[in-house]
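Results of the structural survey
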Amino acid sequence: MYPSMKAELAARDGDLRLCLLLGIAAWFLFLDHVPHNAVSLLTIRNFGFSGATDLFVFVGGYTAAILYGRMMLERGFVVTATRIFKRLWQLYAAYIVLFVIYIDLIGYVARQSAAPALIGEFNVTGIVDHTVRTLIHGLLLRAKPLNLDVLQLLIVLMAAFPFVLFGMLRRPNVTMAGSIGLYVAARQFDWNLSAFPDGRWYLNPFCWQLLFALGAWLALSGANQIRAIRTLQELPMLRAAAGLYLLLALAVTVAVKFPQAGIVPDLLRDVFVPNDKENLAPHRVLHFLALAFLFAYMVPRDWSGFRWQTLQPVIKCGQEWLAVFCAGVFLSFAGHLVLITGPDSLAMQILVSFAGILIMTGVAYYVSWSKRQDHKPAFRPQAMTGLPEEGRFAK
């Protein structure tokens, strides 16, 4: 079983579709996090029930399963768990840096610009009266400053991932059933984590773990399961059903934004409203799966579009998603500040959006370049320069 699974995971490694989707999610999250931005109307959340966060979590689970699944098969649970926790520490360190600088910057700008409403708008009210307590709760992931909720969620999901991965490799269907059971129980009994100073997490980890687990389950699927999925994708009726559901989601979403248009009956609209993001509404999960079903059918792994120069920036952002996400958090705040202190025109909104994406792309290319420099030798011995490439590693 394990040799075949190793071969399957090796074949799925390096899938540029994952980088493309992570890059799109990072860009869309930035646009969605800039309030009153007309350009954000182009993001996925305006065309159906799911959004960039769903995409981010699902692909995160898929890529983590491929990377650490091979490691667990080859090197065991203990070594893999230490590598996962190393990644977890990187995520947590990024969150702490973002949290401390972010809330300090918001407080400073609010005081200097005489705009105290920013403190409440970005959910850092306690920083004024209870600075130390707010920082402590931030370290414990209990504070909920605006736009850091996705990173908080990923930290919690990665903390549990060694045990989820262990189950996925040995009893994948049982583990997936447990994930579904936890999702149903969390919605039924209203389980969530508390937040400071009040309220609960924006993204309930007991519910959102479902998308992360689904991504991992699909990544670790055997050859027979993959063939079965491809057979289902070849059925015109299933593709038509997925397309019709996406059209229904689009109609309901537009009807919510423009109720006076009467696009769908109120009775039908009330079935899908409110679109519970906190607890990941079932119709939201179904919408995302319909999107993934059609995307995987229309964009194969060897799609020629991956060679297009126009797609290279978004792919690069997907490859360096953590740095790009962190940059996007600051840029969304900066963009919001520019729009509320300057001319709030359509041209300015387009300029802020374009500049933010350009800077995020620049960060991705810099981080990628920096990593390459770390792996280059400081010098090359003269005796080695005449050897062919394969000869250098013959030993």
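Refer to the preceding data block for the structure.
So, here is what we can say about the structure in this document. All values reported here derive from a predicted model rather than from experimental measurement.

**Things to note about the overall build of the protein**
Summing up its helical and strand segments, the protein has 16 helices and zero strands in all. Residue pairs in contact within the protein that sit at least 24 positions apart in sequence constitute 77% of those at least 6 positions apart. With the model as given, the accessible surface of the protein reaches about 20300 Å², and the carbon-plus-sulfur share is 67%.

**Structural notes on the nonpolar core**
Counting residues in each nonpolar core, the largest one holds 93 residues, and the members touching the most others are Phe56, Tyr68, Tyr95, Phe161, Leu165, Leu211 and Phe212. With 24 residues, helix 3 (residues 52-112) is the largest single contributor of residues to this core. Contact partners of phenylalanine 212, with chain neighbours within four places excluded, come to Val57, Gly60, Gly61, Ala64, Leu154, Leu157, Met158 and Phe161.

**Topic: empty space enclosed by the protein**
Within the structure shown, the criterion is met by three cavities of 30 Å³ or more. What lines the second largest cavity is Ala26, Leu29, Phe30, His33, Val324, Phe325, Gly328, Val329 and Met360. Elements that contribute at least two residues to the lining of the second largest cavity include exactly helix 2 (16-32) and helix 15 (321-341). Here the lining of the second largest cavity gets four residues from one element, more than from any other, and that element is helix 15. Of the residues in the lining of the second largest cavity, the class split is seven nonpolar, two polar and no charged.

**A look at the environment of serine 221**
Tracing the backbone shows serine 221 in the loop between helix 9 (205-219) and helix 10 (223-233). The sequence separation of serine 221 and asparagine 173 amounts to 48 residues, and the corresponding C-alpha distance is 9.6 Å. Those residues in contact with serine 221, other than ones at most four positions away along the chain, are Arg12 and Ile226. From its side chain, serine 221 meets the backbone oxygen of tryptophan 217 in a polar contact 2.8 Å long. A polar contact of 3.3 Å, which involves the side chain of serine 221, links it to the backbone oxygen of leucine 218.

**A word on the packing of aromatic side chains**
Taken as a whole and judged by the stated rule, the model has 16 aromatic pairs. Judged by centre distance (6.0 Å) and plane angle (40°), the ring pair of tryptophan 89 and tyrosine 92 falls under tilted. Of this pair, tryptophan 89 and tyrosine 92 both sit in helix 3, three residues apart, which is roughly one turn of the helix. Judged by relative accessible area, which is 22%, tyrosine 92 ranks as partly exposed.

**Let's talk about the packing of helix 2 against helix 15**
Between helix 2 and helix 15, the least distance of the axes is 9 Å, while the angle of their chain directions is 10°. Judged on the interaxial angle alone, helix 15 and helix 2 are roughly parallel. Between helix 2, through Leu22, Ala26, Leu29 and Phe30, and helix 15, the contact on the second element is made entirely by Trp321, Val324, Phe325, Gly328, Leu331 and Ser332.

**Quick look at unusual backbone geometry**
Backbone geometry places histidine 36, a non-glycine residue, at a positive phi of 60°. Relative to the helices and strands, histidine 36 resides in the loop between helix 2 and helix 3. Classification of histidine 36 as exposed rests on a relative accessible area of 60%. In the Ramachandran plot, leucine 280 falls in the positive-phi region, its phi being about 50° despite a non-glycine side chain.

**Considering a nonpolar patch on the surface**
Nonpolar side chains collect at one region of the surface, where Val97, Val100, Ile101 and Leu105 lie side by side and expose about 290 Å² of accessible area between them. Relative to the helices and strands, leucine 105 resides in helix 3.

**Describing the pattern of salt bridges**
Tallied over the entire structure, the rule returns eight salt bridges. Among the ionic pairs, arginine 17 bridges to aspartate 15, the shortest N-O distance being 2.9 Å. When its relative accessible area of 17% is taken as the criterion, arginine 17 is described as buried. A salt bridge links arginine 187 to aspartate 276; the shortest N-O distance between them is 3.5 Å. Note that arginine 187 is positioned in helix 8 (residues 172-189) and aspartate 276 in the loop between helix 12 (266-272) and helix 13 (282-298), a separation of 89 residues in sequence. In this structure arginine 187 comes out as partly exposed when scored by relative accessible area, which is 33%. Looking at aspartate 276, the relative accessible area reads 23%, which means it is partly exposed.

**Overview of the packing of helix 9 against helix 13**
For the pair helix 9 and helix 13, the least separation of the axes is 11 Å and the interaxial angle reads 20°. Overall, the two elements helix 9 and helix 13 adopt an arrangement that is roughly parallel. For the element pair helix 9 and helix 13, the recorded crossing hand is right-handed. Residues Trp208, Leu210, Leu211 and Leu214 of helix 9 form the contact with helix 13, whose own contacting residues are Arg284, Val285, Phe288 and Leu289.

**Observations concerning helix 16 (residues 346-375)**
Given a rise of 1.5 Å per residue, 30 residues ought to cover 44 Å, and the 44 Å separating the end C-alpha atoms of helix 16 matches this to within 8%. Every buried residue of helix 16 is listed here: Met348, Gln349, Val352, Ser353, Gly356, Ile357, Met360, Thr361, Ala364 and Ser368. Where helix 16 is buried, its residues contact helix 2, helix 14 (312-319) and helix 15.

**Digging into the environment of alanine 93**
Note on placement: alanine 93 falls in helix 3. Since its relative accessible area comes to 27%, alanine 93 is described here as partly exposed. Between the alpha carbons of alanine 93 and leucine 139 there is a distance of 9.9 Å; along the sequence they are 46 residues apart.

Scoring rules and cut-offs
- Residues numbered from 1 in each chain as written.
- Predicted model: local features only at pLDDT ≥ 70, side-chain atom pairs only at ≥ 80, totals over all residues.
- Heavy atoms only, no water.
- Helix = DSSP H or I, 4+ residues; strand = E, 2+ residues; numbered from the N terminus.
- Contact = heavy atoms within 4.5 Å.
- Areas by Shrake-Rupley, 256 points an atom, 1.4 Å probe, with all protein chains shown as cover.
- Core = buried A, V, L, I, M, F, W, Y, C linked by side-chain atoms within 4.5 Å.
- Buried < 20%, exposed > 50% of the residue type's maximum accessible area, 1.4 Å probe, protein only.
- 1 Å grid on protein atoms, 1.4 Å probe; cavity = no way out; pocket = protein on both sides within 12 Å on 5 of 7 lines; lining within 4 Å.
- Points joined across faces, edges and corners; volume = space filled by probe spheres on them.
- Nonpolar A, V, L, I, M, F, W, Y, C, P; charged D, E, K, R; others polar.
- Polar contact = N/O pair within 3.5 Å; in protein donor to acceptor, adjacent residues only side chain to side chain.
- Phe/Tyr/Trp six-rings, centres within 6.5 Å; stacked < 30°, edge-to-face > 60°.
- Axes fitted to C-alpha atoms, helices over the stretch in contact; angles between N-to-C directions.
- Parallel < 35°, antiparallel > 145°, perpendicular 65-115°, else oblique.
- Patch = residues over 30% accessible without salt bridge, like charges linked within 9 Å, V, L, I, M, F, W, Y side chains within 5 Å.
- Salt bridge = Lys/Arg side-chain N within 4 Å of Asp/Glu carboxyl O.
- Left-handed = near helix turned anticlockwise from the far one by under 90°.
- Expected span 1.5 Å × (residues − 1).

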